[in-house]
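Chains, contacts and geometry: an overview
Now for the letters of each chain:
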Amino acid sequence: MQFLLYLSNYMIPFVVLYVILLGLINKVPIFDEFVKGSKEGIRVVVEIMPTLIGLMVAVGVLRGSGALEAFAGWISPVMNVIHFPADLVPLTLVKLFSASAATSLLLDIYKQFGTDSELGLAASLFMSCSETIFYTMSVYFMAVQVKKTRWTLPGAFLATAAGIVASLLLAHGMVH
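To start, this report covers the structure provided alongside it. (Residues numbered from 1 in each chain as written. Predicted model: local features only at pLDDT ≥ 70, side-chain atom pairs only at ≥ 80, totals over all residues. Heavy atoms only, no water.)

Moving on: the nonpolar core. The biggest cluster of nonpolar side chains holds 23 residues, and the ones touching the most others in it are F84, L88, L91 and V94. Put simply, the parts of the chain that give this core at least two residues each are α3 (67-81), α4 (89-95), α5 (99-113), α6 (118-128) and α8 (152-175). Contact partners of F84, with chain neighbours within four places excluded, come to M79, V89, T92, I164 and L168. Counting residues in hydrophobic clusters, the runner-up holds five residues, among them L96, I133, M137 and A156. (Core = buried A, V, L, I, M, F, W, Y, C linked by side-chain atoms within 4.5 Å. Buried < 20%, exposed > 50% of the residue type's maximum accessible area, 1.4 Å probe, protein only. Helix = DSSP H or I, 4+ residues; strand = E, 2+ residues; numbered from the N terminus. Contact = heavy atoms within 4.5 Å.)

Next comes the structure, spelled out in structure tokens:
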């Protein structure tokens, strides 16, 4: 374990040095390529900024209006049938769009139920094994101008569903 910690401290400097040396060996103008990449990165940020702002505002409105909690209350009978805690519904929905807003909901779960509760453990595990699907797709697909997402969205939903199931099973196994 100590070796991995030692190795991780030097990994990023090693990769940077490797890229520089590789560029020098191949006679690539390193600084010019760096500047060109930086310009392209700024262009991408400017292009995706409206989408990011729209996602953040939408999540803020949903959370502030109480619509997420109302939806969780409305859907709780169905969630009880499939043994899914209704208190995790808002977290699950928000995580699809925003990790920072989901983290805020996670902290609310910790305050209400505790970090070591089954719900707290399930929420922690879920946050670790799921992705902000719509945020990631909008940012990366816009950056490379992908128009047809094909099976990306269904695959991402399947992976998220697997993460939810695994989180619930693991948390239940840890507590009981």
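The next subject is the environment of I12. For I12, the position within the fold is in helix α1 (residues 2-25). On a C-alpha basis, the gap between I12 and A162 in space is 32 Å, while along the polypeptide they are 150 residues apart.

Locating S98 in the fold gives a position in the loop between α4 and α5. Among the polar contacts listed, one links the side chain of S98 to the backbone nitrogen of A101, at a separation of 3.1 Å. For S98, the contacting residues outside a window of four places in its chain are V59 and T132. (Polar contact = N/O pair within 3.5 Å; in protein donor to acceptor, adjacent residues only side chain to side chain.)

Backbone geometry places H83, a non-glycine residue, at a positive phi of 60°. Looking at the element boundaries, H83 is found in the loop between α3 and α4. The exposed category is assigned to H83, whose relative accessible area is 68%. If you check the backbone angles, R150 has positive phi at about 50° while not being a glycine. Locating R150 in the fold gives a position in the loop between α7 (133-143) and α8. By relative accessible area, which is 65% here, R150 ends up exposed.

This next bit is on α6. Regarding α6, the residues found buried are L119, G120, A122, A123, F126 and M127. All buried residues of α6 project into a common sector of 165° when viewed along the axis, lining one side. Here the buried face of α6 lies against α4, α5 and α8. (Arc of directions from axis to C-beta.)

Time to look at the packing of aromatic side chains. Evaluated as defined, the whole model comprises six aromatic pairs. Judged by centre distance (6.3 Å) and plane angle (35°), the rings of F31 and F34 are tilted. Of this pair, F31 and F34 both sit in helix α2 (residues 30-65), three residues apart, which is roughly one turn of that helix. Grouping residues by exposure puts F31 and F34 together as exposed. (Phe/Tyr/Trp six-rings, centres within 6.5 Å; stacked < 30°, edge-to-face > 60°.)

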